[in-house]
Amino acid sequence: MKIDRSFRKLANTLPYMLAFVDNKRRYKFVNTAYENFFGVKLKNIKSKTIAEIVGDDSYQKISKIHDRVLQGEELELSERVELNDGRSIQLEINYIPNVETLSKRVNGFFAIINDVTEYASAAEVLRAVHDVVNRQSKTLSTDRIAKLLKLGCHYLHAQTGLVSHVTDDDYVVKYAYSEAEDIPAETTFSLGETYCSVTLESNEVVATTHASESREYAGHPCFEKFQLETYLGLPIKINGQTWGTLNFTSPETRLTPFTELDIELMSLICSAIENIIINSSKTKKLEKLAYTDFLTGLSNRLFITERFEELQPNDNQTLNITCFAIIDIDHFKVVNDSYGHDAGDEVLQQTARKIAEQVRASDCVSRVGGEEFAVILTNIPRENAQSTLEKLRQVVAENKVALGDKSVVNVTVSIGATELTVDDEFNTAYKKADIALYQSKKQGRNRVTWHYE
């Protein structure tokens, strides 16, 4: 085939790559788009075989395809190619045999090549986001967001992806993915030390691929401290209010500018993260309702039952629970009968508060029904547990509950306690403590009694 001036001129205006190879598999023509994409010049490859240019081993992978095309078959295929600069690209190639009109002989073929890397990657991101978002009930929010951050990093070729919660001047890392080093959740920075301060100030997507050459970023404290050249940040909004940021960063300069498609896909990931955070918050609220006693604000029987099971040892673990106790308000029915149920509620609330004040954060206090509370004391010697329960009893007894009509109610509690063994289940422990509580009541109330086998 003769490559004339008009053909060459037309071919060089095409937006896609075009090559013509003769039936001896020698390059006869490539257009400007082909030269620019692969970094070659026609004059350097013209009349050379494909094998000479790409190497015999590489050509073996596609030679059979060219055999078919040179026999007159049109082919379309998609192929992933590794470039010398380390990039992995997805190409769509149309092979069209060039057939002589009279002889019907194939004298070569055209290769029409499109780089669809961006679109293939975009489709991968869309599929992955859909998969992550639609597995709400199957995986933890932490895992889902980590997958989205990893996805964003791989698509953008970024080193680190972060989701931060911003309150006043505190920038707190909530979720992180990094190919360099782990960034623990709750790591806190001053907002002014992060590029996200620029994002939040502009309240829109902000991006740079060469921070050191940007007036806005080169003098920023974040660049001075972390030397981050590439940054893309998006504000995270929850219920219309700015909650924090999603950002992707790298210390290396990005080879190409961020495209509109890049920004659209990261905005999609940002929206997915917003939904996960909202749904996670709703789940936590539902869990809180399920585990909380509405009147006193303490945890309820369901919570302390599950907490007991968590603390009891499994296999080679050591015993974490030292003491289980039941606390019962003395003569509570008299309070309700004499002062009314509103007064009874006030007594329950104040007593619950006094009990909670006497135990540690590692312990557990729950209202398990009516005027009855249960306590788990963890990792504490028997004598210290006794002191804690005795102090608790005294504090309640010394508290004067003031009612709305200015009358005052004196409240006391009876306590039954048991020292646990590794074999105790919740119901077993409860029964032992209940037996001891009965003894406290029987012996005059307002006292602590321990269960003995």
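The model shown is predicted, which means the values in this text are computed figures rather than measured ones. (Residues numbered from 1 in each chain as written. Predicted model: local features only at pLDDT ≥ 70, side-chain atom pairs only at ≥ 80, totals over all residues. Heavy atoms only, no water.)

Draft legend 1. Here's a closer look at the overall build of the protein. Along the backbone of the protein there are 17 helices and 19 strands. Taken over the C-alpha trace, the protein has a radius of gyration of 36 Å; the compact-globule value for 453 residues is 22 Å, which it surpasses by more than 25%. For the protein, the spread of C-alpha atoms along the three principal axes comes to 115 × 50 × 35 Å. Split into buried and exposed, the 453 residues of the protein put 44% on the buried side. Considering only contacts in the protein between residues 6 or more positions apart, those separated by 24 or more positions represent 55%. Taking the average place of the 52 positive charges on the side chains of the protein and the average place of its 65 negative ones, the gap between the two points comes to 5 Å. (Helix = DSSP H or I, 4+ residues; strand = E, 2+ residues; numbered from the N terminus. Rg over C-alpha atoms; globule rule 2.2 N^0.38 Å. Buried < 20%, exposed > 50% of the residue type's maximum accessible area, 1.4 Å probe, protein only. Contact = heavy atoms within 4.5 Å. Lys, Arg positive; Asp, Glu negative; His and termini not counted. Charge placed at Lys NZ, Arg CZ, Asp CG, Glu CD.)

Draft legend 2. Structural detail: the packing of helix α14 (residues 332-339) against helix α15 (residues 341-357). Running from N to C, α14 and α15 point in directions that differ by 140°, and their axes come no closer than 7 Å. Our classification of the angle between α14 and α15 gives oblique. In this structure, α14 uses F332, V335, N336 and Y339 to contact α15, whose residues at the interface are H341, A343, G344, V347 and L348. Looking at side-chain class alone, the contact of α14 with α15 contains six nonpolar, three polar and no charged residues. (Axes fitted to C-alpha atoms, helices over the stretch in contact; angles between N-to-C directions. Parallel < 35°, antiparallel > 145°, perpendicular 65-115°, else oblique. Nonpolar A, V, L, I, M, F, W, Y, C, P; charged D, E, K, R; others polar.)

Draft legend 3. A look at the environment of E309. You can see E309 is positioned in helix α13 (residues 301-311). Its relative accessible area of 53% is what places E309 among the exposed residues. C-alpha of E309 to C-alpha of D424: the two residues are 115 residues apart in sequence and 9.9 Å apart in space.

Draft legend 4. Structural context of the sheet that holds strand β9 (residues 206-208). Strands sit in the order β8-β7-β6-β11-β10-β9 across an open sheet of six strands; the sheet is antiparallel. Each edge of the open sheet carries a strand with a single partner, namely β8 (188-190) and β9. Here the strands of the sheet are splayed against their neighbours by 25° on average, with no regard to which way each runs. Helix α8 (residues 141-156) rests against β6 (160-167), β7 (170-178) and β11 (241-250) of the sheet, and its axis sits at about 70° to β7. (Pairing = 2+ DSSP bridges.)

Draft legend 5. Region of interest: helix α17 (residues 426-442). Helix length check: α17 (17 residues) gives 24 Å between terminal C-alpha atoms against 24 Å at 1.5 Å per residue, within 8%. Every buried residue of α17 is listed here: F426, A429, Y430, K432, A433, A436, L437, S440 and K441. Downstream of α17 by one or two residues, G444 has phi in the positive range, about 115°. (Expected span 1.5 Å × (residues − 1).)

Draft legend 6. Local environment of helix α16 (residues 382-398). For α16, with 17 residues, the first-to-last C-alpha span of 24 Å sits near the 24 Å given by 1.5 Å per residue. Inspection of α16 places A385, T388, L389, L392, R393, V395 and V396 among the buried residues, and these make up the whole buried set. Down the axis of α16, the buried side of the element spans an arc of 165°, and every buried residue falls inside it. Opposite its buried face, α16 presents the exposed residues E383 and E398, each directed more than 90 degrees away. (Arc of directions from axis to C-beta.)

Draft legend 7. Just the pattern of salt bridges, in detail. Under the defined criterion, the tally for this structure stands at 16 salt bridges. Linking K441 and D328 is a salt bridge whose minimum nitrogen-to-oxygen distance equals 2.6 Å. Here the residue K441 occupies a position in helix α17, and D328 occupies one in strand β13 (residues 321-329), the gap between them amounting to 113 residues. There is no split in this pair, since K441 and D328 are both buried. A cluster of three or more residues bridged by salt bridges with shared partners is formed by D328, D330 and K441. (Salt bridge = Lys/Arg side-chain N within 4 Å of Asp/Glu carboxyl O.)

Draft legend 8. Representation of the environment of E100 in the model. For E100, the location among the structural elements is in the loop between β4 (88-99) and β5 (106-115). A residue is classified by how much of its surface remains accessible, and E100, at 26% relative accessible area, is partly exposed. Sequence separation between E100 and Y438 is 338 residues; the distance between their C-alpha atoms is 106 Å. Leave out the neighbours within four places in its chain, and E100 touches R105 and N107.

Draft legend 9. Representation of the pairing of strand β15 (residues 372-378). In terms of burial, β15 is a largely internal element, seven of the seven residues being buried. Residues E372, A374, I376 and T378 of β15 are buried on one face, and the alternating residues F373, V375 and L377, pointing to the opposite face, are buried as well. Across five bridges, strand β14 (residues 364-369) lies against β15 in antiparallel orientation. Opposite V365, over in β15, you have V375 as the bridge partner. Linking β14 back to β15 in an antiparallel pair, the connection comprises two residues, with G370 at a positive phi of about 50°.

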